[in-house]
Structure formats: C-alpha cells, structure tokens
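# Analysis of the macromolecular model
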Amino acid sequence: MRRAAMCTLLCLGLLVAAASMASEEPPPEALSSDSGRFVAANAEFTLLHEMGHLLIAELQLPVLGREEDAADQLGFISLFLSYGHQHNAGFYATLLDIADYWRLEWQRVKPDYEEVYPWASHGLDAQRFYNLACLIYGSNPDQLEWVPKVTGLPVERALYCDQEYTQVSKALAWVERQHGRRPGQAVSHRIRVIYDPPALHQGQDGYLLEQLRRSGRIEAIAARASEAYRLPRDLVLRLSSCGAPDAWYSRTGGELVLCYERLAHFQTLAAQLPHLRQANLLR
Ligand SMILES: [Zn+2]
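This one's a predicted model, so the numbers in the text were calculated from it and none came from an experiment.

Looking now at the pairing of strand S2 (residues 235-240). Of all the 6 residues making up S2, 6 are buried; the element is thus mostly covered by neighbouring parts of the structure. Along S2, one buried face is formed by Leu235, Leu237 and Leu239 and the opposite face, lined by Val236, Arg238 and Ser240, is buried too. Bridging between strand S1 (residues 191-195) and S2 involves 5 bridges; their strand directions are parallel. Considered in S2, the bridge of Ile191 is made with Leu235.

What follows is the structure in structure tokens.
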C-alpha cells in the first residue's frame, strides 16, 4: 500500500514535470465551433456506437464490463481508424466534437425522464465525456499534450490513457481477426440503408437530413461494416422519425435505427459549443 502511494506520488510528479515542459498547443481549428461538423461527427459516432451493439449481437462477441462502455469504445476506435493516417486539425476537431457532446449533455439541465442515473445501463454523461477524452489523448500522448488541458482530463486519469487506447485497439484487432472477411472472400451479407420519410420534413430537420444524405457517410459506414465482417444475416440501418432523439439496435429485427430527432438535438446542442469552448480556454 505504502509503496503504491509512493509510486503514485512519483509518477504524478514526473507527469507534472513533463507537462510543465510541454509546449504543444492545440491547432486552432481543433477548437473551432462548427455546427455542421458537430452534427455530422455525432451522427457518425452514434451510428458507430450502435454498430458496436450490432457487432456484439450478430458476431456474439464476448463482453467483459458494461456493453454500453464497449459500444462507446468500438464506436470511437472505428471512427478513429476510418480516418486512416489523416490526423490533421480537422480530425481532432471531429474527435473533440464527439467528446464535447457528452460534456454538453452533462451540463444540460434535463427533465427527470431524460436524466441518467447511477443504476442505468449507460455511464453518466460526465463519465462518457472523460472516457472519450482519455481515448483521444491516449492515441498519441506525446503529440496531444494539449488534450488534457482543453478537456480538463485530470492527470490521475491521463497517466494511463495510452494503455486504455491500446486495450481498445487490441480488442478491435481481435474482433477483425476472429470475424473479419478474409481477402478474396465474398461479402456474406449486407447492411441496407433505408430512409423513412421524415414526419417533420421541413425547416432545419429537412436541411440536416439532406446534408447527411449527400455526404454519403451513412452508406459508407454500412458498406464498411458489411465488407469488413462476416455477418450472419442481412441487416438494416434505418433513419426514421421516432418522436424522441434516440438511436438503438434491435437484435430481434436485425435493425439499427437512428432517429431524425437526434440530428435536430445535436444541432440544438451545437449552439452551446462556442460558449463551452470559450469557457474552457479562459479556465
Ligand atoms: Zn448503446
């Protein structure tokens, strides 16, 4: 116990010394606030989180710990790797957008029925924010010394984020080895994208949807998963009006649903982003 406490103090001391020498500043674009980018980034992360549930169910992946945490990790690493080696300021802006969504949810005053309680299957909004901030930082701590600074990720957690990132990327590599499509092997089954007619096809909702459709990102996510894994059956990725800003994967129907209302919700929260970013810079 005593040795562990000494090590912790020593490790913290070393990290603080390293941080004081750090000169790495965030690229300005990484902290810019762009409503369209925020909506697109979070729509994509939502889909990839649900795709995590889809893979867990369809490939019968073993899950240790909470499935919701595993889905966030699968969503993050899939998004991260989909950018290849293009780790420019725009890439980090996208990653910060998905972490900051959870910080905005954390700070939002919610009605009781939207509140996330400690007994819920999902982590608390604040935990999901710090988990994502840790994975971003842990992907390259030497180059991303500015991430703990702009996210407020405490040094006690930051110290081990490289190990967390490595665990998550090793987990995905295992899934790909066990369930990935072999070179030359035919695509077994596909994920078909269906756009239901929106119930509120007017104003910003219609515009957001049109932007997302035109980007082709949703079709790209469905195609990538169909081609990367040996799926056991054909599945559906459906965009629909649900009456709430929700998203889910239904094992019974083999259907992943992203509600149009969730896009509108992202846009509403995006209006708070400049204030959040400004407040963090002044901290
Ligand atoms: Zn989930």
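Moving on from the model shown.
Attention shifts here to the layout of surface pockets. When its volume is computed, the largest pocket comes out at roughly 770 Å³. Taken together, 33 residues make up the lining of the largest pocket; nearest its centre are Trp102, His122, Pro245, Asp246 and Arg262. For the lining of the largest pocket, the elements supplying multiple residues, two or more each, are helix H2 (35-58), helix H3 (67-82), helix H4 (89-107), helix H5 (125-138), strand S3 (247-250) and helix H11 (260-270). If you tally residues by element for the lining of the largest pocket, the top one is H2, at 6 residues. Each residue belonging to the lining of the largest pocket can be placed in one class, and the counts come to 14 nonpolar, 7 polar and 12 charged. When its volume is computed, the second largest pocket comes out at roughly 390 Å³.

Distances from the zinc ion to its protein donors, His49 (NE2), His53 (NE2) and Glu68 (OE), fall within 2.1 Å. Within one chain, the residues donating to the zinc ion are spaced in sequence as H-x3-H-x14-E. Of this pair, His53 sits in helix H2 while Glu68 sits in helix H3, placing them 15 residues apart in sequence. For the pair shown, His53 and Glu68 are each scored as buried.

Further remarks concern the environment of Ala270. Tracing the chain through its elements places Ala270 in helix H11. Ala270 sits 166 residues away from Leu104 along the chain, and the two C-alpha atoms are 8.7 Å apart. Discounting chain neighbours no more than four positions away, the residues touching Ala270 are Ser35 and Phe38.

A word on the pattern of salt bridges. Counted under the stated rule, the structure contains 17 salt bridges. With a shortest N-O distance of 2.9 Å, Arg108 and Glu105 are connected by a salt bridge. Given a relative accessible area of 23%, Arg108 falls into the partly exposed group. The salt bridge partner of Lys110 is Asp125, with a shortest N-O separation of 2.8 Å. Placement of Lys110 in the loop between H4 and H5 and of Asp125 in helix H5 is noted, with a sequence separation of 15 residues between them. The two residues Lys110 and Asp125 agree in class, both being buried. Connected via shared salt-bridge partners are Arg37, Asp97, Asp100, Arg103 and Arg277.

Moving on, we come to H4. Here H4 contains 19 residues, and its C-alpha end-to-end distance of 26 Å stays within 8% of the 27 Å for a straight helix at 1.5 Å per residue. The largest bend along H4 reaches roughly 25° and is located at Ala99. The element H4 is extensively covered by neighbouring structure, given that 16 of its 19 residues are classed as buried.

Residues Glu24, Asp142, Glu145 and Asp162 make up a contiguous surface patch of negative charge. Summarising the element assignment, Asp162 is placed in helix H8 (residues 161-179). On the basis of relative accessible area, Asp162 is assigned to the partly exposed category, the value being 33%.

The next point concerns the sheet that holds S2. Within a sheet, neighbouring strands are paired by backbone hydrogen bonds and run either parallel or antiparallel to one another. With mixed pairing, the 4 strands of this open sheet are ordered in space as S1-S2-S4-S3. One side of each edge strand has no neighbouring strand; the edge strands of this open sheet are S1 and S3. Strand after strand, the sheet turns through a mean of 15° between neighbouring axes, direction not considered. Most of the contacts of H11 go to strand S4 (residues 255-259), to which it runs at about 40°, and overall it touches S1, S2, S3 and S4.

The next point concerns the state of the cysteines. If you walk through the whole model with that rule in mind, you get 2 disulfides. In this model Cys134 forms its disulfide with Cys161; the gap between the sulfur atoms is 2.0 Å. Taking the sign of the S-S torsion, -120° for the link of Cys134 and Cys161, the bridge is left-handed. Of this pair, Cys134 sits in helix H5 while Cys161 sits in helix H8, and the two are 27 residues apart along the sequence. For the pair shown, Cys134 and Cys161 are each scored as buried. The disulfide partner of Cys242 is Cys259, and the S-S distance across this bridge is 2.0 Å. Across the S-S bond of Cys242 and Cys259 the torsion is about -105°, and the bridge reads as left-handed. Of the two residues, Cys242 is situated in the loop between S2 and S3 and Cys259 in strand S4; the sequence distance between them amounts to 17 residues. Since its relative accessible area comes to 32%, Cys242 is described here as partly exposed. Take Cys259: its relative accessible area is 1%, and that puts it in the buried class.

Calculation criteria
Here, residues in each chain are numbered from 1, in the same order as that chain's written sequence. Local features in this predicted model are restricted to residues of pLDDT 70 or higher, and side-chain atom pairs are both shown and tallied only at a pLDDT of 80 or more, whereas totals for entire chains, interfaces and linings draw on every residue. Excluding hydrogens and water, the side-chain values take into account all heavy atoms of the structure. Burial classes: relative accessible area under 20% of the type maximum marks a residue as buried, over 50% as exposed, and values in between as partly exposed (1.4 Å probe, protein chains only). Helix numbers and strand numbers start at the N terminus; a helix is a DSSP run of H or I with at least 4 residues, a strand a run of E with at least 2. Here the rule is simple: two strands pair whenever DSSP picks up at least two bridges between them. Put simply, the grid is 1 Å and covers the protein atoms alone, a cavity is a trapped set of points that fit a 1.4 Å probe, a pocket is an open set with protein on both sides within 12 Å along at least five of seven lines, and lining residues have an atom within 4 Å of a point. Grid points are joined across faces, edges and corners, and a volume is the space filled by probe spheres set on the points. Polarity classes work like this: nonpolar for Ala, Val, Leu, Ile, Met, Phe, Trp, Tyr, Cys and Pro, charged for Asp, Glu, Lys and Arg, and polar for all others, with Gly in that last group. Counted as donors are the N, O and S atoms within 2.8 Å of the metal, or 3.2 Å for Na, K and Ca, while water is not among the atoms, so some sites may look incomplete. Contacts: residue pairs with any heavy atoms within 4.5 Å of one another. Put simply, a salt bridge is a Lys or Arg side-chain nitrogen that is within 4 Å of an Asp or Glu carboxyl oxygen. An expected span of 1.5 Å times one less than the residue number is assigned to each helix. Two axes are fitted around each residue, one to the seven residues ending there and one to the seven starting there, and the angle between them is reported as the bend at that residue. What goes into a patch is any residue over 30% in relative accessible area without a salt bridge, connected to like charges within 9 Å or, for nonpolar side chains (Val, Leu, Ile, Met, Phe, Trp, Tyr), within 5 Å. Only the protein chains shown count as cover for residues, with accessible areas throughout obtained via the Shrake-Rupley method and a probe of 1.4 Å. Within this scheme the basic residues Lys and Arg register as positive and the acidic residues Asp and Glu register as negative, but His and the chain ends are omitted. In this description, the location of a charge corresponds to atom NZ of lysine, CZ of arginine, CG of aspartate or CD of glutamate. Axes here mean lines fitted to C-alpha atoms, for a helix over just the part in contact, with angles spanning 0 to 180 degrees between N-to-C directions. Two cysteine sulfur atoms form a disulfide, by the criterion used here, when they sit within 2.5 Å.

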